[in-house]
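# Working through the structure, step by step
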Amino acid sequence: MAFLYIMWLARMVIDRWCCTVHRFALCDLARCAALYCQRHPPSRAAWATLLRTAMIIVFLFAAGLWVNTIWNEGAYPDAVSVFQVLHHVASSVALLTEMMEVLFVGPAMLLSVLIADLRKECEALIKQTRLPRPLVSLKMDSAFSNQDYAGRIKQPHNDTVEMWRSFRVRQQFLHDMTIGLNAMFALVHLVKTCHILYVASLSTSHGIIYLMLDSPAWQSYIPLLYSVLACATFVGLCCTAQMAENELALLSNGLLGFLAQKPEVSPGTKQEIELFVRSVRWQRGRFNVYGIFYLNTNTMKAVLGCISTYVVVLWQFDARMS
């Protein structure tokens, strides 16, 4: 219990330190996101995704506060009123920790949906610029002619080149926002991962041991609920980060497929698309923790696997939180 309290205290201190040090950076990030959304408004699908994410965050936030109130007050769940929960929220030091998770998940999901909108705009431009492939029997374009193989007048590709260049600039802007978000929350995520790994393992084994008694008390379910909520928050965090990585992978694969299926594009357009693909592949907007590990589904499965292993070990040694 002493080590658990030390980890909890360290997490509280680090969250407050990061919030104090990076408060101006958070304001700048919000201002940049507002300017980007003002110039490139999110689509309906993006707003729907953000709304679903907000509903899930509110549910997990309210459930976490309710469980913390029951655990700290030691009262029966039916006896806990809304006023007790609000009093616990007002007097609790864990509120800022929950807010730090919201401050990361919100911008991370916004970046993910903006990358998804960028990918859809690229796909729409690809469909508009796609032409039927010439037959072998038809005469190919001549370097000294102003007509193509079908006898049509060649059109300049300046507009297409500028659009691909604007897409590349937008991707670079979103990548810079991702780097800023990583710099602000890297230490928070490192401590949070260690804390969840320890707390979830210990609280789950504690709840399982007491549930195996002949007449388990209602307090036995509270550690299990707390562990489930902590793991659910971490799973949502990793899935949000994985969404941005998947969108970038789909974007680069779609651009490479376009170049492979349509080699007759103009040299300027081809050069811009190649630079775009290179930028996406080299500057992958992955949320990481000081390069130690990435926030994705692989990390999520590794942490959940470690928690399951530790739960079995602690259950065999009859380890409890008291």
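The name that an unreviewed UniProt entry assigns to the protein is Gustatory receptor, with the source organism given as Thrips palmi. Quoted verbatim from the Sequence similarities (unreviewed entry) field of the UniProt record, the comment on the protein reads "Belongs to the insect chemoreceptor superfamily. Gustatory receptor (GR) family." Its UniProt record, at the heading Subcellular location (unreviewed entry), says of the protein: "Cell membrane".

At a minimum axis separation of 8 Å, helix H7 (residues 221-261) and helix H9 (residues 297-316) run at an interaxial angle of 160°. Classified by the angle between their axes, H7 and H9 sit roughly antiparallel to one another. Pair H7 / H9 crosses with left-handed handedness. Listed contacts from H9 to Cys231, Phe234, Val235, Cys238, Cys239 and Gln242 of H7 are Thr297, Thr299, Met300, Val303, Leu304 and Ile307. Its residues assigned to classes, the contact of H7 with H9 comprises nine nonpolar, three polar and no charged.

Attention now goes to H9. Between its first and last C-alpha, H9 extends 29 Å over 20 residues, near the 28 Å set by a 1.5 Å rise per residue. Looking at H9, one finds that the buried residues are Thr299, Met300, Val303, Ile307 and Val311. One face of H9 carries all of its buried residues, which in axial projection span an arc of 110°. Exposed side chains of H9 directed beyond 90 degrees from the buried face belong to Asn298, Lys301 and Gln316. Where H9 begins, the capping side chain belongs to Asn296, and its oxygen is found 3.3 Å from the backbone nitrogen of Asn298.

For the rest of this paragraph, the subject is the UniProt feature "transmembrane region" (unreviewed entry) in the protein. Residues given the UniProt feature "transmembrane region" (unreviewed entry) here are residues 49-71, 91-116, 225-244 and 299-317. Across residues 225-244, helical content stands at 100% and strand content at 0%; the span's end C-alpha atoms are separated by 29 Å. Within residues 299-317, the helical portion is 95% and the strand portion 0%, while the C-alpha atoms at the span's ends are 27 Å from each other.

Turning to the environment of Phe167, a few remarks are in order. Tracing the backbone through its elements, the reader meets Phe167 in helix H6 (residues 158-211). Sequence separation between Phe167 and Leu118 is 49 residues; the distance between their C-alpha atoms is 7.3 Å. Setting aside residues up to four positions removed in sequence, Phe167 forms contacts with Leu118, Glu121, Cys122, Leu125 and Phe276.

Of all hydrophobic cores here, the largest spans 44 residues; its most connected members are Phe104, Trp164, Leu174, Leu181, Leu255, Phe276 and Phe287. Of all the elements in the fold, those that place two or more residues in this core are helix H2 (23-39), helix H3 (44-73), helix H5 (95-129), H6, H7 and helix H8 (267-282). By residue number, the principal contributor to this core is H5, which donates 13 residues. Filtering out sequence-adjacent residues up to four positions away, Leu174 remains in contact with Tyr36, Leu111, Leu114, Ile115 and Leu118. Ile196, Cys238, Ile307 and Val311 belong to the second largest nonpolar core, which has nine residues in total.

What follows covers the packing of aromatic side chains. Using the criterion set out here, one finds six aromatic pairs in the structure. Here the guanidinium or amino end of Arg278 rests over the ring plane of Trp282, the centre of that ring lying 5.9 Å away. The cationic tip of Arg286 hangs over the ring face of Tyr294; the distance from NZ or CZ to the ring centre is 3.7 Å.

A cluster of nonpolar side chains, namely Tyr5, Ile6, Leu9 and Val13, defines an oily patch on the protein surface of about 400 Å² accessible area. For Tyr5, the location among the structural elements is in helix H1 (residues 2-21).

Taken as a whole, this structure holds eight salt bridges when the rule is applied. For Arg119, the salt bridge identified is with Glu123, shortest N-O distance 2.9 Å. A residue pair is termed a helical-turn pair when its members lie 3 or 4 positions apart in one helix, as Arg119 and Glu123 do in helix H5 at four residues. Taking the shortest distance from any N to any O, the salt bridge between Arg119 and Glu247 comes out at 2.5 Å. Here the residue Arg119 occupies a position in helix H5, and Glu247 occupies one in helix H7, the gap between them amounting to 128 residues. In terms of burial, Arg119 and Glu247 fall into one category: buried. Members of the salt-bridge network, linked through shared partners, are Glu162, Arg165, Arg168 and Glu272.

Parameters at a glance
Residues numbered from 1 in each chain as written. Predicted model: local features only at pLDDT ≥ 70, side-chain atom pairs only at ≥ 80, totals over all residues. Heavy atoms only, no water. UniProt positions renumbered as here; feature names shortened; annotations may be inferred. Axes fitted to C-alpha atoms, helices over the stretch in contact; angles between N-to-C directions. Helix = DSSP H or I, 4+ residues; strand = E, 2+ residues; numbered from the N terminus. Parallel < 35°, antiparallel > 145°, perpendicular 65-115°, else oblique. Left-handed = near helix turned anticlockwise from the far one by under 90°. Contact = heavy atoms within 4.5 Å. Nonpolar A, V, L, I, M, F, W, Y, C, P; charged D, E, K, R; others polar. Expected span 1.5 Å × (residues − 1). Buried < 20%, exposed > 50% of the residue type's maximum accessible area, 1.4 Å probe, protein only. Arc of directions from axis to C-beta. Polar contact = N/O pair within 3.5 Å; in protein donor to acceptor, adjacent residues only side chain to side chain. Core = buried A, V, L, I, M, F, W, Y, C linked by side-chain atoms within 4.5 Å. Phe/Tyr/Trp six-rings, centres within 6.5 Å; stacked < 30°, edge-to-face > 60°. Lys NZ or Arg CZ within 6 Å of the ring centre and 35° of its normal. Patch = residues over 30% accessible without salt bridge, like charges linked within 9 Å, V, L, I, M, F, W, Y side chains within 5 Å. Areas by Shrake-Rupley, 256 points an atom, 1.4 Å probe, with all protein chains shown as cover. Salt bridge = Lys/Arg side-chain N within 4 Å of Asp/Glu carboxyl O.

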